[in-house]
Amino acid sequence: MIIPQNTTFKVSGIMSGTSLDGLDLAACSFRFAQNGKWEYAIEHAATYPFSPTWKHQLQNLIDADARAIARAHFDFGRLIGEYANRFHAASGFEPMLIASHGHTIFHDPATGYTTQIGNGAAIAAITGKPAVCDFRATDVCLGGQGAPLVPIGDELLFPDYDACLNLGGFSNISFRADHQRIAFDVCPVNIILNLLAMELGQDYDADGRLAAKGKVIPGLLEVLNSLPYYSQLSPKSMGVEWLKDHVLPLMQNEDHSTCDKLRTFTEHIALQISRVLTENRIKNVLITGGGAHNQFLIERLQAKTTCGLILPDHKTIDYKEALVFALLGLLRWFEQENCLATATGASHSSIGGAIYLPVK
């Protein structure tokens, strides 16, 4: 299906990340110009924090029984629909469709499965708008990682940067190499930093101030940097299962202070990202995601690379992923490829996402 040129399309993108900050909603407009380039705007954006009950449930659903997971899938879809209605009423935005990432509970592409909860039928029923969701499943069924999916957005919306780096629960990067878009998860970020900050009664380490108080633990840093994942070739991606098996046990040593662990893991993040930037000769990188607000992390990263670190406006930092999922939903609506095999390792690129239509 051909996408009409010079026509404005309004789409709401909804993102729930592994760092559990809340539900990000972005009211986006897109226009496919005659020169073949995409123009976009984030017209409105908001984050709806999860209640303590939902936050606890999402953190622990990986260990729940089948009945609890099935119920959470529908309940979370209803929650998304209700927040979407609230967001649209407050902003006056009328989207043609809603694109929802859902919340990842399981992600193990090596054994052929991934699961994002947030039932699309519930979203469509509550909002009265077409809903696109379940973006990762097709790619996994084609032998891919099902991640990262954002690179198609980097390719179409942010082509002027050498690379795009997202600092969310995990960090992921995308860039062009050999005339194709390459992408992969680099290392954990906020999913670990937030867990450590919670030990000190904070939801997150604001500006990295807690980490800045600590000292690097050389032995822990060495073990972290030696994890086999970092020597694997791309495409590759991380999931909570991998984190629980390989990273969390290393962070539970009670002989070290939490601030020292925060400092050490911040150093680990900076080292892993700077290594990727250097190895791939990246000259400038657009940095988005919650970790972009971590001043100490950015300082440590800049200290380890000559690459130009570009921090855009706060709306782009906080809502770029929601923006890109809005684009993914629009591409799915017009039956255009929205998942790049060069980024995921699938047998070929694909059109990902299931569409749920409301009853008229």
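Rules used throughout
Residues numbered from 1 in each chain as written. Predicted model: local features only at pLDDT ≥ 70, side-chain atom pairs only at ≥ 80, totals over all residues. Heavy atoms only, no water. Buried < 20%, exposed > 50% of the residue type's maximum accessible area, 1.4 Å probe, protein only. Helix = DSSP H or I, 4+ residues; strand = E, 2+ residues; numbered from the N terminus. Pairing = 2+ DSSP bridges. Axes fitted to C-alpha atoms, helices over the stretch in contact; angles between N-to-C directions. Parallel < 35°, antiparallel > 145°, perpendicular 65-115°, else oblique. Left-handed = near helix turned anticlockwise from the far one by under 90°. Contact = heavy atoms within 4.5 Å. Nonpolar A, V, L, I, M, F, W, Y, C, P; charged D, E, K, R; others polar. Salt bridge = Lys/Arg side-chain N within 4 Å of Asp/Glu carboxyl O. Phe/Tyr/Trp six-rings, centres within 6.5 Å; stacked < 30°, edge-to-face > 60°. Polar contact = N/O pair within 3.5 Å; in protein donor to acceptor, adjacent residues only side chain to side chain. Lys, Arg positive; Asp, Glu negative; His and termini not counted.

Draft legend 1. Quick peek at the pairing of strand β10 (residues 180-188). Burial analysis of β10 places eight of its nine residues in the buried class, the great majority of the element. In the sheet, strand β9 (residues 170-177) pairs with β10 via eight bridges, with the strands oriented antiparallel. Each residue of the ladder has a partner; that of Ala177, found in β10, is Gln180. The turn joining β9 and β10, which pair antiparallel and follow one another in sequence, is formed by two residues; a positive phi near 55° is taken by Asp178.

Draft legend 2. Structural context of the packing of helix α1 (residues 52-60) against helix α2 (residues 66-91). At a minimum axis separation of 12 Å, α1 and α2 run at an interaxial angle of 140°. As summarised for this structure, α1 and α2 are arranged oblique, according to the angle between their axes. When you trace α1 past α2, the crossing you get is left-handed. Between α1 and α2, the residues in contact are Trp54, Gln57 and Leu58 and Ala72, Asp75, Phe76 and Leu79, respectively. Looking at the contact of α1 with α2, its residues break down into five nonpolar, one polar and one charged.

Draft legend 3. Focus on the sheet that holds strand β3 (residues 38-48). Here six strands make up an open sheet; going across it, the order is β3-β2-β1-β4-β7-β13 and the pairing mixed. Looking at strand neighbours, the two that pair on one side only are β3 and β13 (354-356), the edges of this open sheet. Ignoring strand direction, the axes of neighbouring strands in this sheet form an average angle of 25°. Bridge count between strand β1 (residues 8-16) and strand β4 (residues 97-100): four bridges; the pairing is parallel. Its bridge partner lying in β4, Ser12 is registered against Ile98. Where α2 meets the sheet, its contacts fall on β1, β2 (23-32), β3 and β4, and the angle it forms with β2 comes to roughly 60°. Across the sheet, helix α3 (residues 120-127) lies against β4, β7 (131-133) and β13, angled at about 160° from β7, the strand it touches most.

Draft legend 4. Local environment of the pattern of salt bridges. Applying the stated criterion to the full structure yields 13 salt bridges. Between Glu39 and Arg31 there is a salt bridge whose closest N-O contact spans 2.7 Å. A residue is classified by how much of its surface remains accessible, and Glu39, at 38% relative accessible area, is partly exposed. Residue Arg31 is classed as partly exposed on the basis of its relative accessible area, which comes to 26%. One salt bridge connects Glu267 with Arg300, and the closest N-O pair in it is separated by 3.0 Å.

Draft legend 5. Molecular detail of the sheet that holds β10. Within the open sheet, the five strands sit side by side as β10-β9-β8-β11-β12. Their pairing is mixed. For this open sheet the edge positions go to β10 and β12 (308-310), each flanked by a neighbour on one side alone. Sheet twist, expressed as the average angle between the axes of neighbouring strands with direction ignored, equals 20°. Both strand β8 (residues 163-167) and strand β11 (residues 284-288) contribute to a ladder of four bridges, which runs parallel.

Draft legend 6. Quick look at the packing of aromatic side chains. Applying the stated rule across the entire model yields twelve aromatic pairs. Ring geometry for Tyr48 against Tyr83: centres 4.8 Å apart, planes inclined by 20°, an arrangement best described as stacked. A residue pair is termed long-range when its members are at least 10 positions apart, and Tyr48 in strand β3 and Tyr83 in helix α2 qualify at 35 residues. Here Tyr48 and Tyr83 have matching classes, each one buried.

Draft legend 7. Up close: the side chain of Lys320. Assignment of secondary structure puts Lys320 in helix α12 (residues 314-333). For Lys320, a relative accessible area of 4% translates into the label buried. For Lys320, the side chain forms a polar contact with the side chain of Asp154, separated by 2.7 Å.

Draft legend 8. Summary view of α3. Every buried residue of α3 is accounted for by Gly120, Ala122, Ile123, Ala124 and Thr127. Those residues of α3 that are buried are in contact with α2, β4, β7 and β13. Of the residues flanking the start of α3, the one acting as N-cap is Asn119, its side-chain oxygen 2.9 Å from the backbone nitrogen of Ala121. Gly128, located one to two residues past α3, shows a positive phi value of around 75°.

Draft legend 9. Examining the side chain of Asp24 more closely. Looking at where Asp24 falls in the secondary structure, it is placed in strand β2. In this structure Asp24 is buried but unpaired, with Lys55 as the nearest side chain of opposite charge at 12 Å. Among the polar contacts listed, one links the side chain of Asp24 to the side chain of Thr47, at a separation of 2.7 Å. If near-sequence neighbours (up to four positions away) are discounted, Asp24 is found in contact with Gly13, Ile14, Met15, Ala46, Thr47, Asp318, Tyr319 and Ala322.

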